[in-house]
Every structure is written in C-alpha cells, then in structure tokens.
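Results of the structural survey
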Amino acid sequence: MGDTVLVVGGGGREHALAWSLAQSPQVDEVLLAPGNAGTAVEPGCRNLDVKASDIEGVVAAAREHEVRLVVVGPEDPLVDGLVDACEVAGIPAFGPSAAAAQLEGSKSHCKAFLLEHGIPTGAAETFTDAEAARAHLATLDAVPVIKASGLAAGKGVIVAESKQEAADAIHDILVDGRFGAAGAEVLLEERLFGTEVSVLAFCDGTDFSVMPAAQDHKRLLDGDEGPNTGGMGAFHPSPIADDALLADVGRDVIAPTLAALAAEGRPYKGVLYAGMMLTASGPKVIEFNCRFGDPETQVVLPLLTSDLLDAFEACVTGTLAANQPTWADAAAATVVMASAGYPVSSAAPAAISGLADAATLGTTVFHAGTTAAGDDILATGGRVLAVTAVRPTLSEAAEAAHAGVDAITFEGAQRRTDIARATAEVRA
Ligand code: AMP
Ligand code: GLY
C-alpha cells in the first residue's frame with residue numbers, strides 16, 4: 001500500500017511533477033490542486049477542486065487525504081507562505097518558506113541580498129518615487145532594464161532599448177500602477193549582455209544537487225524574435241551549460257546563497273533556480289526563482305532515473321548529501337504549443353485533436369491550459385501543451401518532439417519550429 005502526495009498548481013510543470021511522482025513505487029495516488037485536463041486522465045493522478053492560491057483549502061485537502069508530502073509548483077503560493085502553513089499543520093511540504101522565497105518575491109530584496117553577499121550580479125537602484133527614478137535614469141550612461149519588484153506573472157521586466165522607453169516603463173509601473181502592488185517599487189538595473197542559462201538545484205537547507213541544465217527559449221517566435229514569454233520550449237543537453245559551468249555556478253552562486261540564508265535563520269529547502277547571464281566578465285545572476293522552471297521541468301524530469309519522492313523528502317529532511325538524484329545520460333527536447341494571442345491576449349476555447357497520435361510517436365504530452373468538455377479536450381489559453389521527447393541524441397529528441405507537435409492541431413495554435421534545432425544561435 002503506497003501513499004498519497006499532493007501537487008499544488010495546474011500548469012505543464014505540475015503535470016510533469018505529477019507524472020514523475022506517479023511512477024514512484026512508494027506512491028499510490030497523486031492529487032492535484034487544481035491540475036488540468038491532462039492530469040485528470042494521467043494514470044495514478046486525480047484533480048481536486050482546490051485552487052493553488054487557496055492556502056487554507058490546500059492545507060485542509062492535505063489533512064483530509066492524509067498526504068505524505070505536499071509539493072508546491074508555482075511561486076505565488078510559496079511567497080504567500082503555503083509551506084509555512086503546512087509546517088504549522090504538521091504536514092511535510094517541498095518548497096521554500098515564505099521568508100526564503102522572498103528571493104523571488106521581491107527583486108529589490110534579492111538584489112540587496114546578492115550585493116551584500118558578494119554574489120556576482122548587475123548593479124541596480126530601487127525607487128518608489130517616479131521623479132527620483134527618472135532623475136537617476138538621466139545620470140546613467142547606458143539604458144537600464146526596468147523591473148517591477150514584486151511578482152508580476154513573468155511580465156514585470158522591461159528590457160528597454162532607449163531612455164524614453166525606460167522612462168515610459170517607470171511611469172507605467174509607478175504612476176499608472178500597471179502591476180498593482182507588485183509595482184510599488186521599481187528597479188533600474190544594469191543591462192547584462194551574453195547568453196542566458198538557467199541552473200536549477202535541489203536544496204536541503206545546507207547541501208544542494210544541481211540538475212541537468214535545460215536551456216529555455218523565451219521568445220515567442222523562431223530565431224528568438226517577438227515578445228518574451230514564459231518559455232516556448234527547452235532542451236538538454238545545452239552546449240553552453242556544461243559540467244564546468246554548472247560547477248562554477250554551484251560554487252559561486254548556490255553555495256554562498258544557501259550559507260547566507262541558513263545564517264539568517266531561513267534555510268532554503270526546495271528548488272533554487274538561478275537565472276544566469278554569461279557575460280564577458282563571468283556568469284552573473286539575473287534573478288532567482290524559488291521553484292522549478294516551466295518548461296524546463298518537462299525536459300529534465302523525464303531524465304530522472306531515481307525516485308522524485310526520495311529527492312523531495314531528502315530536501316525536506318536535510319539528507320540530500322546521502323540521497324543524490326540520478327539522471328539518464330540522454331537528450332530531451334520539449335516544444336510548447338500556445339493559444340492564439342499568447343502572450344498578449346487570450347483566445348476562445350478550441351478543441352484539440354491528435355493527442356493520441358503524438359503519444360504513438362513516442363512523445364509525452366504535458367498539459368497546461370486545457371479543460372475537458374465531454375469527450376473533447378479544449379485549449380483554453382496561454383501555454384496549452386508541452387510535447388517532450390527523450391532520445392539518445394539531441395537531434396533525435398528535437399525531431400521527435402517536433403513530430404509530436406506536428407501531429408496535434410487546434411485553432412490558432414502557436415509553436416516555434418526551431419526549438420532545440422538551432423542551438424548554436426540560441427540566446428535569451
Ligand atoms: P526575469 O523575469 O527577471 O526572468 O526577466 C525576464 C528576462 O528579461 C530575462 O530572462 C532576461 O532575458 C531579461 N533580463 C532581465 N534582467 C536583465 C538584465 N539585467 N540584463 C539583460 N537582460 C535582462
Ligand atoms: N521558463 C522560465 C521560468 O520558469 O521562469
């Protein structure tokens with residue numbers, strides 16, 4: 001008789017987490033709060049009618065179902081203290097406390113932390129007053145990146161090309177309140193140039209274990225054109241994030257961060273995601289996230305050869321050093337399909353066909369913005385599906401993932417055709 005675990009969230013990342021946990025021999029059932037149309041039919045998984053933002057509801061569901069572990073996918077409930085609430089209720093939960101998750105919850109806090117501890121990052125100044133921010137802008141030689149300090153669903157960063165654009169962004173955020181409370185503070189940050197790489201590590205408060213690197217494609221269109229998105233696809237292995245680079249980031253970024261947080265009495269347990277820029281003067285932190293990436297998770301977890309539940313519990317109990325996750329020496333590619341209008345607007349629901357065909361081609365289809373309607377599965381906005389293929393080589397994985405996407409259709413679907421195919425040109 002196995003146990004029950006509860007995954008919080010409903011995106012492609014959470015489908016991948018649930019899919020991996022359902023393979024654990026220790027797990028009978030994976031519950032999701034709320035999950036999506038994919039997790040509703042995933043073997044060993046069951047959706048609950050509980051929102052990820054409903055902290056009391058999640059704790060009550062975890063109690064009712066006597067879950068062995070709560071796994072929190074998205075950043076908002078982490079920053080809002082879901083893991084702390086579970087701890088108070090005596091329920092083990094994977095993810096950082098609210099105090100540790102402030103590294104993602106407040107970019108001004110994160111910047112101050114990085115600078116205080118000598119962790120490499122770009123210079124920045126924080127403002128709450130638009131006049132003062134614009135006065136500072138006038139003194140800068142280069143155009144800075146403008147950032148709302150709080151959580152803004154990945155939309156709070158404006159990489160301005162001119163001082164006018166930067167001034168407009170300051171006005172939008174501080175005067176017009178475009179991001180609400182998340183924009184009460186604005187950072188004017190030194191723009192970094194180079195290649196972006198994400199380094200993710202399991203952390204148990206003291207020790208860490210870096211995951212295989214997945215390189216994300218953030219722009220909407222082929223050739224890295226168009227607006228920034230949550231991520232249109234990802235792949236492993238990355239030609240850039242080799243073992244030497246991962247070791248450097250572990251030593252220079254992850255280790256000092258864990259040591260400082262532990263010394264401050266807020267040890268970091270969970271996934272620490274370091275968004276790095278490889279600049280001419282070495283790797284620098286662009287931002288920290290306090291969770292798995294989406295779609296990086298859909299690339300990386302299919303490569304895990306040990307039990308994901310063991311990795312999570314090792315982080316919670318501080319025993320990671322003796323329980324290192326193990327990974328397949330293989331390649332993986334994930335291609336995202338998004339609704340018409342993404343990332344700017346939402347589209348009318350559209351019926352999806354070809355899901356079974358994609359599975360027949362040896363791909364795994366993780367759902368995100370999907371809803372079941374009778375026998376139909378509808379695309380209901382944003383990122384809809386993430387199609388993953390694992391193969392011996394990257395080119396085989398890329399071709400298989402794209403073939404899986406070719407088999408799936410819905411009205412207005414957007415996808416990139418160059419994911420994992422043009423790796424030499426990949427940039428932010
Ligand atoms: P974030 O939401 O912080 O991940 O930022 C979104 C994207 O904006 C990053 O992935 C980068 O492409 C870009 N960005 C953020 N900060 C900087 C920076 N200081 N210099 C250059 N690009 C940046
Ligand atoms: N793919 C980027 C992120 O999860 O933040």
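Residues numbered from 1 in each chain as written. Chains lettered and ligands numbered in written order. Predicted model: local features only at pLDDT ≥ 70, side-chain atom pairs only at ≥ 80, totals over all residues. Heavy atoms only, no water.

**Considerations on the pattern of salt bridges**
With the rule as written, the count across this model stands at 21 salt bridges. Between Arg191 and Glu161 there is a salt bridge, with its nearest N and O atoms 3.4 Å apart. Of this pair, Arg191 sits in the loop between strand 9 (186-189) and strand 10 (195-204) while Glu161 sits in the loop between strand 8 (157-158) and helix 9 (163-175), placing them 30 residues apart in sequence. Here Glu196 ties to Lys218 by a salt bridge, and the two come within 3.6 Å at their closest N and O atoms. One end of the pair, Glu196, is in strand 10; the other, Lys218, is in the loop between strand 12 (215-216) and strand 13 (219-221), and 22 residues separate them in sequence. (Salt bridge = Lys/Arg side-chain N within 4 Å of Asp/Glu carboxyl O. Helix = DSSP H or I, 4+ residues; strand = E, 2+ residues; numbered from the N terminus.)

**A few points about empty space enclosed by the protein**
The full count for this structure, using the stated rule, is six cavities of 30 Å³ or more. Of the volumes computed, that of the largest cavity is approximately 90 Å³. What lines the largest cavity is a set of 13 residues, among which Lys107, Cys110, Ile286, Glu287 and Phe288 lie closest to the centre. Taken together, the elements giving at least two residues each to the lining of the largest cavity come down to helix 6 (98-105), helix 7 (107-116), strand 9 and strand 17 (282-289). (1 Å grid on protein atoms, 1.4 Å probe; cavity = no way out; pocket = protein on both sides within 12 Å on 5 of 7 lines; lining within 4 Å. Points joined across faces, edges and corners; volume = space filled by probe spheres on them.)

**Thoughts on the packing of helix 8 (residues 130-139) against helix 9**
Where helix 8 meets helix 9, the axes come as close as 10 Å, and the angle between the chain directions of the two elements is 165 degrees. Classed by the angle they form, the pair helix 8 and helix 9 counts as roughly antiparallel. Of the two elements, helix 8 crosses helix 9, and the hand of that crossing is right-handed. Here helix 8 contributes Ala130, Ala133, Arg134, Leu137 and Ala138 to the contact with helix 9, which in turn contributes Lys163, Ala166, Ala167, Ile170, His171, Leu174 and Val175. In terms of residue class, the contact of helix 8 with helix 9 is built from nine nonpolar, one polar and two charged. (Axes fitted to C-alpha atoms, helices over the stretch in contact; angles between N-to-C directions. Parallel < 35°, antiparallel > 145°, perpendicular 65-115°, else oblique. Left-handed = near helix turned anticlockwise from the far one by under 90°. Contact = heavy atoms within 4.5 Å. Nonpolar A, V, L, I, M, F, W, Y, C, P; charged D, E, K, R; others polar.)

**Regarding the site of ligand 2**
Neighbouring ligand 2 are Asp216, Gly230, Tyr273, Asn289, Arg291, Gly293, Asp294, Pro295 and Glu296. One nitrogen or oxygen atom from the side chain of Asp216 is found 2.8 Å from a nitrogen atom belonging to ligand 2. In the environment of ligand 2, a nitrogen atom lies 2.9 Å from a nitrogen or oxygen atom belonging to the backbone of Gly230. Starting from 200 Å² of accessible surface for ligand 2 in isolation, the protein chains cover 88%. (Near = heavy atom within 4 Å. Polar contact = N/O pair within 3.5 Å; in protein donor to acceptor, adjacent residues only side chain to side chain. Areas by Shrake-Rupley, 256 points an atom, 1.4 Å probe, with all protein chains shown as cover.)

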